[in-house]
Every structure is written in structure tokens, then in C-alpha cells.
Amino acid sequence: MEENKDIKILSSKKTNIADWTSCKSTAQMLRKAQADQVETAFDRAAGMKPCPIGAKSACCKHCAMGPCRLNSKDPYAKEGVCGATIDTIQSRNFARMVATGTAAHSSHGRNMLNLLKGVLSGKIKDYTIKDTNKLNGVAQSLGIETEGREVNAVATDVCTEMERVFHMTEGEIPFVKRVPPKTLETWRKLDIVPRGAMLEVMELLQRTHAGMDQDYQNLTKQISRTALVDGWGGSMVATEISDILFGTPTPVHGEVDMGCLKEDHVNIIIHGHEPYLLESIVEAVNDPELVESAKAVGANGLNLVGMCCSGLEMLSRHGIAHAGNFMSTEAVLVTGAVDAFGVDVQCIQQGLVKVGKCYGTKIFTTNPSCRIEGAEHIEFDEHEPRKCTDAIVKQAIDRFKNRTVEIDIPRNKAMGVHGFSYEYINYMLGGSFRASYTPLNDNIINGRIRGVAGVVGCVNPRVKQDWAHIELVKELIKNDVLVLQTGCSQITLAKAGLCTPEAAFYAGPGLKEVCEAVGMPPVLGLGACVDNTRILIACAEMVKVGGLGDSIADLPVAGAAPEWYSEKALAIGQYFVASGVYTVFGVTFPIIEETKFHRLLFENMEAQGLGKWGFTADPHEMARLMIDHIDQKRAALGIDKARERTLTDMADRREMQSA
Ligand code: SF4
Ligand code: MSK
């Protein structure tokens, strides 16, 4: 088999850090790490060529008759010992990745559900329902009566329904009520409407056992069904309960990049995904006693900073500064300025512990599902959250007092507007009394906005950090495509200064006009990677409002994860594709081209009324693919010629509000 040319292998001998990252702060810290002879994931990636057979899922190790490698030039020339074809092997490997990604998000969702149940039972006292509007909105979308009822009664019914998202063994998960009828009809026809997440993940995994489902088409149905229970199930529960308990985000200013660390403060970083750890630490760093303790050791105060998706939750809800995305988590430790680094779940690299040791920073694990050898474990208990978070703060103060390493904080930071949500977009475009997606649809129909793109996902040391995200998004907005963002991608664009209303300067004339009228950035950050569900709901609403077709597959929208790395990203990609969205991934794609399984994902799913996958490592080509797709959808809708229509501007919105 040919080597995958799309993967840029960076030689460990050629340590040109400018090739590793576009992030100036990360580059500065990587240079320092090299001078200090400290190894990071970038060094390891440069020194380890990815296995070309594994990269294309051409090997199987599902039983002890193998492992079997189908790595000849013609992937159909060989079969596994059991007779498994390349399509069976690739689809089974893909299935396991989607199952893992779905399990990760669903576990996050289930933890949030347990938290809400604990709050309602009175056993958990440190959290409370903060957003009753959101609670009522979610309840109504699930067909639960809200009129004249107590908050706790409504929330209890919401919990009962959400419990079914995980446990039901037959029927359809409750959130299918949010799916546009034509999309749902297609799912029913294909028999991919999800049941409970636990069942779907178990079913998918058991089908990948040796001697089980050896029809890639049949297996792909279960892959879609499982991914759909992630997007419209586990992840949706996680987002909705986070909003109910901690408040639906509304736009807030926030600083991003390593320059938000402060040499004269006790710096505490929280990294991971689940919002209850960070909500508790927000309280802890505002506790006057702990602030006084910090001052008593000579600090000017406590400086809480986020990273990755935990950081996005804090940024979106509290405007708390954010130091950087996934591939900057080791680099930030090189500053020597991090006094404690608390983590919970997902995207926590084991390498953090070694780098932390080199710079005198302890890594604190807090979740029983995610411990790391060599890290200090302080278990988080939602019944007594401050026990854990106070302990982390106290250890940070202690480390500040005993700092021995040189402090070197990059000066870069960028201010941006974050905290958009499906609900806020509704309000922003329509005003509080006529909150609606109608102005968005209108502006798409009249051509000012060409379409909408979700640019999401990770960063990956196999490609230059942040570069593809920035190039892609600039190209999209220049072509009047409104960009919605989540996850590490949002942080990338924030560092690049594109999350401000002024960034409308980079937009095409139509999008620029809309952004200026509404006062919004051309790039709207919707939160963590689990919050891609906000994009699903926005798509469903665009269909409901009308004028853009009957199903999500009709919409002039596209998605991308140009620097993905995780199995969660693959599950997200598959749920967008199964929901009807053309979704393009960069870096690499774990399937050999010109196989039947590849054709199914990249062409035939679309013919079934769903979306389809795309791949290119080149962000400019990616933009072209996405814009071409958007234009094809516009043509199919008969809106390829822009129609003149009055834009809903601030004056219109004021008028509507006073009507
Ligand atoms: Fe090889 Fe088949 Fe066993 Fe996979 S399941 S390792 S293809 S014999
Ligand atoms: S953290 S899954 S690197 S977006 Fe959600 Fe970032 Fe991707 Fe992890």
C-alpha cells in the first residue's frame, strides 16, 4: 500500500518549530522546551512516523488468528485469515472509533443527568437550577407540560425523559422530536433511529467481534444509529443540562492565549470537559479566605484560566480567560507560571505529567475514570465539590510560595466575543419578542449569507497547529459563509482575532453587511466539542422556519474538522453526516480510497437522503469543497440567484421589540 501522502511527517532532525504551530505562544514555549531538553507531543510526533497500514484501517487485530494486514497495492488482493474483506475490516475499525467517541460524550451526558437528579433530590446542595427558561424550553421540546408547574416538577419530568436517552431498549430517543420530519422519515426508512445510548454502543461493539457483522453496509447503519444517539442523545443531554444548571451562555468578552497568565498571581488551569469541576473552582477562587491566603504568600491574587473545552465552558459562561487549545496544554506548563493544573476527562495527554514535573507543576486528576500514573489524584465529589477544588487552590498557593523555576510567559493575548448559543442567535437576529431564525433564513435566501459552515474540532501535531482552521475560516467568511464554531477550533480563531465584530472586515460584502447590522462577529463560538448539538438544533430550526427545504440534507450548510485527532471527532462527523450534512475532515481519513466502504461514506449515504463525508488536508481545497456543496444546495433550492430583500437591521429589531 502506498504511504499516505496527506500526512505531513515532520522530521525530528529538522526542528523548525515554525512548521509545528501557527500559535506564537506555543512556538515560543516549544523553543524553550527544546532548549530545556524537555520533550513534548510535537517532538514525539516528529520522531514517530504514523503506521501507514493503521492510518488507513487496513489491519485487523480483533482475534488471535491475526493480526491481519491487507496492505497490498490492491486492497482486495488479500483477505484476513477468517476471510474478512477490506470493507469488513475498515468498517469494523471505524465502528469501534465511533462507539468510543459516542461512549465518551454519552458518559459526559449521563454524569450531567446524575448531577441534575442529585440537585432535585436535595442530596447535592452546591448546585442549583440557574436557567428556568432553558428548562422550560427543553421540557416543551420534549412534550412536557410547563404551564403553571413548579420548577422541580418540570425538571423531574425532564430527567425521566433524558434517562431514556441512555437506557431505553426499544422505540426512539426523546430528542427525535427535535428532528425535522423529513430527516426523521429518512432515518425510519433506513432503520437508524437511535434507541438508548447504552444499547447502541453495546450493539455496535458486539457486531465488530470476529465472525459477527461482515456486511459493511449493514454495519454502517449501526454506525450511524450509534453516532446519532451521540448527537441527538448523550451530547444533547450534556449541553442542555449544563445550560439548565449553569446558565445558557450569552455573549461575553474574554481573553484568549497564554498572555492571560500572570506572573504575580497564583495561576490555576482547569482542562478537560465536564463543567461541574470548573463551576466549583470558579467559586473557590472567589472565596475571600482563599484570596487572602494567596495574598499572604505574596501573590496579587488567584488567576483562574481555562484550557481546551473546560476552558470554553468557563469562557462562555463567565468570560474567564483561556490559555489555549489541546496542543498547547503541554506548552503552557513550560511557562513555569502554572501553579496547579487540574484535569477531569477527555483529551488529557499522559505527557502532561512529565512536562509538569520538569517545571514544578503538579497535574491534579479529579475523576475516577481518568487517572494518570504520576499525577496527584484529588477525587471530585459533587456532594462536596469544594473539598476537591479548595484543595487544588491551596496546593497552587503552596507552589506559588515555593516557585523555583524561571517564569517565561508569552505576551500574546486576544480579546474576543464568546458565548453564543442556539437561543442567543435566535434573540440576536429577531429580538426578544420575535426571537426567530427567520432573519437568518431570509439572509440566506436573499444571498447576503451564502450558507452556514460548522468549523469544529481538535488540533493535531501531525499538521501545523491552528493553521488549517484559520485558513479555512478566512476563506469561508470571505465567501459570505457564516461560520459556527466549537471546541479547540474556536480557541484557534479567537487567538487569531476572528471572534470579534471587527473581524467582519475579513468577510465578503453580504456577510459583512449582516454582521455590521447585527453587531456580531462572522465567526460565532458555540462552546465545547460536546456543544456541537447547538449546531444540530440550529440546523433543525432553519428547516422549521422554512424556505430552505424540508430536511437538514436540503440546507446550504457544510461542516469541517480540519485538524481532528480524537474518536469523539469521528463520532461527531458521523452524526452530522447521518443528520444530512456534508462534513469534510482534514489530516487523514482512516479508510482506503476506492473501496466500497469509502464509496458508501463519501457518496452513497447522500443518495440515501443523508449527508456525506469529504476529505482533504488542504484548507483551501476544503473551503472550495464546502462552498461548492453550499452552492449546489442553493441551486437545488432555486435560490442561487440572490434576491433583494430588506435586511433586518438594528432599527428593524427595535421596531419589532416595541411592536
Ligand atoms: Fe484476522 Fe479475521 Fe481475526 Fe481480524 S477477525 S484478526 S481479519 S482473522
Ligand atoms: S477538547 S476532542 S481536542 S475539540 Fe474538546 Fe479539543 Fe477535540 Fe479534545
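Residues numbered from 1 in each chain as written. Chains lettered and ligands numbered in written order. Predicted model: local features only at pLDDT ≥ 70, side-chain atom pairs only at ≥ 80, totals over all residues. Heavy atoms only, no water.

### Concerning the overall build of the protein chain
A count of helical and extended segments in the protein chain gives 25 helices and 16 strands. Referenced to the eigenvectors of the C-alpha coordinate spread, the extents of the protein chain come out at roughly 70 × 65 × 50 Å. Taken across its 659 residues, the protein chain has 63% of its residues classed as buried. Considering only contacts within the protein chain whose residues lie at least 6 apart along the sequence, 75% involve residues at least 24 apart. A total of about 24,400 Å² of accessible surface is found on the protein chain, and carbon and sulfur atoms cover 48% of it. (Helix = DSSP H or I, 4+ residues; strand = E, 2+ residues; numbered from the N terminus. Buried < 20%, exposed > 50% of the residue type's maximum accessible area, 1.4 Å probe, protein only. Contact = heavy atoms within 4.5 Å. Areas by Shrake-Rupley, 256 points an atom, 1.4 Å probe, with all protein chains shown as cover.)

### Points about the site of ligand 2
Lining the immediate surroundings of ligand 2 are 13 residues, of which His273, Cys309, Cys347, Cys488 and Cys529 lie closest. The residue inventory of the shell around ligand 2, partitioned by class, reads eight nonpolar, four polar and one charged. (Near = heavy atom within 4 Å. Nonpolar A, V, L, I, M, F, W, Y, C, P; charged D, E, K, R; others polar.)

### Quick notes on the packing of aromatic side chains
Under the counting rule described, the total for this entry stands at 18 aromatic pairs. Ring plane angle 70° and centroid distance 6.1 Å describe the contact between Trp187 and Trp232, whose orientation is recorded as edge-to-face. Linking Trp187 in helix H7 (residues 181-190) with Trp232 in helix H9 (residues 216-246), this pair joins segments that are 45 residues apart in sequence. A relative accessible area of 0% means that Trp187 is categorised as buried. Here a set of aromatic residues connected by ring pairs shows up, and it is made of Phe94, Trp564, Phe585, Phe589, Phe597, Phe602 and Trp613. (Phe/Tyr/Trp six-rings, centres within 6.5 Å; stacked < 30°, edge-to-face > 60°.)

### So, the pattern of salt bridges
For the structure shown, the criterion picks out 36 salt bridges. For Lys478, the salt bridge goes to Glu475, with nearest N and O atoms at 3.5 Å. Of the two residues, Lys478 and Glu475 both sit in helix H18 (residues 467-478), three residues apart, roughly one turn of that helix. Overall, the relative accessible area of 48% leaves Lys478 in the partly exposed class. Here Glu475 falls in the partly exposed class, since its relative accessible area comes to 23%. Within this structure, Lys134, Arg178, Glu240, Asp243, Glu313, Arg317, Glu423, Asp531 and Arg534 form a network of salt bridges that share partners. (Salt bridge = Lys/Arg side-chain N within 4 Å of Asp/Glu carboxyl O.)

### Observations regarding the domain arrangement of the protein chain
Per the domain assignment, the segments of the protein chain are domain 1 (86-246), domain 2 (258-401) and domain 3 (420-658). Centre-to-centre, using C-alpha coordinates, domain 1 lies 23 Å away from domain 3. The interface is formed by 38 residues belonging to domain 1 together with 37 residues belonging to domain 3. Where domain 1 abuts domain 3, roughly 3,100 Å² becomes buried across the two surfaces, and 71% of that area is made up of carbon and sulfur atoms. Scanning the region where domain 1 abuts domain 3 turns up two salt bridges. A salt bridge links Glu423 to Lys134; its shortest N-O distance comes to 2.7 Å. Among the secondary structure elements, those contributing two or more residues to the side of domain 1 that touches domain 3 are helix H4 (86-121), H7 and H9. Sorting elements by how many residues they give to the side of domain 1 that touches domain 3 places H9 first, with 16 residues. Of the residues assigned to the side of domain 1 that touches domain 3, the class counts are 16 nonpolar, 15 polar and seven charged. (Domains from an automatic or database assignment. Buried area = accessible area lost by both parts, 1.4 Å probe.)

### Some details on the side chain of Arg534
Structurally, Arg534 is set in helix H21 (residues 532-545). Of the polar contacts made by the side chain of Arg534, one reaches the side chain of Asp243; its length is 2.7 Å. At a separation of 3.1 Å, a polar atom in the side chain of Arg534 contacts the main-chain carbonyl oxygen of Leu526. With residues near it in sequence (within four places) discarded, Arg534 still touches Lys134, Thr239, Asp243, Pro249, Arg317, Phe420, Ser421, Tyr422, Glu423 and Leu526. (Polar contact = N/O pair within 3.5 Å; in protein donor to acceptor, adjacent residues only side chain to side chain.)

### Quick look at the nonpolar core
In terms of nonpolar packing, the biggest core is built from 174 residues, with Phe94, Trp187, Trp232, Ile268, Ile281, Leu302 and Leu476 touching the most fellow members. The greatest single-element share of this core, amounting to 14 residues, is contributed by H9. With near-sequence residues (within four places) excluded, Phe94 lies in contact with Ile223, Leu570, Gln574, Phe589, Pro590, Ile591, Phe597, Leu601 and Trp613. Counting 31 residues, the second-largest nonpolar core is a separate cluster that includes Ala323, Leu352, Val355 and Ile409. (Core = buried A, V, L, I, M, F, W, Y, C linked by side-chain atoms within 4.5 Å.)

### Structural notes on helix H17 (residues 438-445)
The element H17 is extensively covered by neighbouring structure, given that seven of its eight residues are classed as buried. Those residues of H17 not exposed but buried are Pro439, Leu440, Asn441, Asp442, Asn443, Ile444 and Ile445. Looking at the residues trailing H17, positive phi occurs at Gly447, about 90°.

### With respect to the sheet that holds strand S12 (residues 481-485)
Taken together, the six strands give an open sheet; going across it, the order is S13-S12-S11-S14-S15-S16, and neighbouring strands pair in parallel fashion. Looking along the sheet, the strands with just one partner apiece sit at the ends: strand S13 (523-525) and strand S16 (613-615). Within the sheet, the average angular offset between the axes of one strand and its neighbour, ignoring direction, is 25°. Relative to strand S14 (residues 557-561), strand S11 (residues 451-455) runs parallel, the two sharing four bridges. Pairing of Val452 across the sheet is with Val557, part of S14. Docked against the sheet, H18 engages S11, S12, S13 and S14, running at close to 145° with respect to S12. In the packing of helix H24 (residues 619-637) onto the sheet, the strands contacted are S11, S12, S14, strand S15 (582-585) and S16, and the crossing angle to S14 comes to about 160°. (Pairing = 2+ DSSP bridges. Axes fitted to C-alpha atoms, helices over the stretch in contact; angles between N-to-C directions.)

### Here's the deal with the site of ligand 1
Lining the immediate surroundings of ligand 1 are 13 residues, of which Cys60, Cys63, Cys68, Cys82 and Arg92 lie closest. By residue class, the composition of the shell around ligand 1 is nine nonpolar, three polar and one charged.

### Points about the packing of H4 against helix H8 (residues 197-207)
Between H4 and H8, whose axes approach to 10 Å, the crossing angle comes to 160°. Classified by the interaxial angle, the pair formed by H4 and H8 is roughly antiparallel. You can see that H4 and H8 cross each other, and the crossing is left-handed. Counted together, Ala95, Arg96, Ala99, Thr102, Ala103, Ser106 and Arg110 of H4 and Ala197, Met198, Val201, Leu204 and Leu205 of H8 form the full contact between these two elements. Across the contact of H4 with H8, the residue classes tally to eight nonpolar, two polar and two charged. (Parallel < 35°, antiparallel > 145°, perpendicular 65-115°, else oblique. Left-handed = near helix turned anticlockwise from the far one by under 90°.)

### Focus: unusual backbone geometry
Cis geometry is found at the peptide bond from Gly66 to Pro67, where omega equals -5°. Tracing the backbone shows Pro67 in the loop between strand S1 (59-60) and strand S2 (68-69). The phi torsion at Gln37 lies on the positive side, around 60°, for a residue other than glycine. Relative to the helices and strands, Gln37 resides in the loop between helix H1 (24-35) and helix H2 (41-47). When its relative accessible area of 75% is taken as the criterion, Gln37 is described as exposed. Backbone geometry at Cys308 places phi at a positive 55°, although glycine is not the residue there. Turning to its location among the elements, Cys308 is positioned in helix H12 (residues 308-318).

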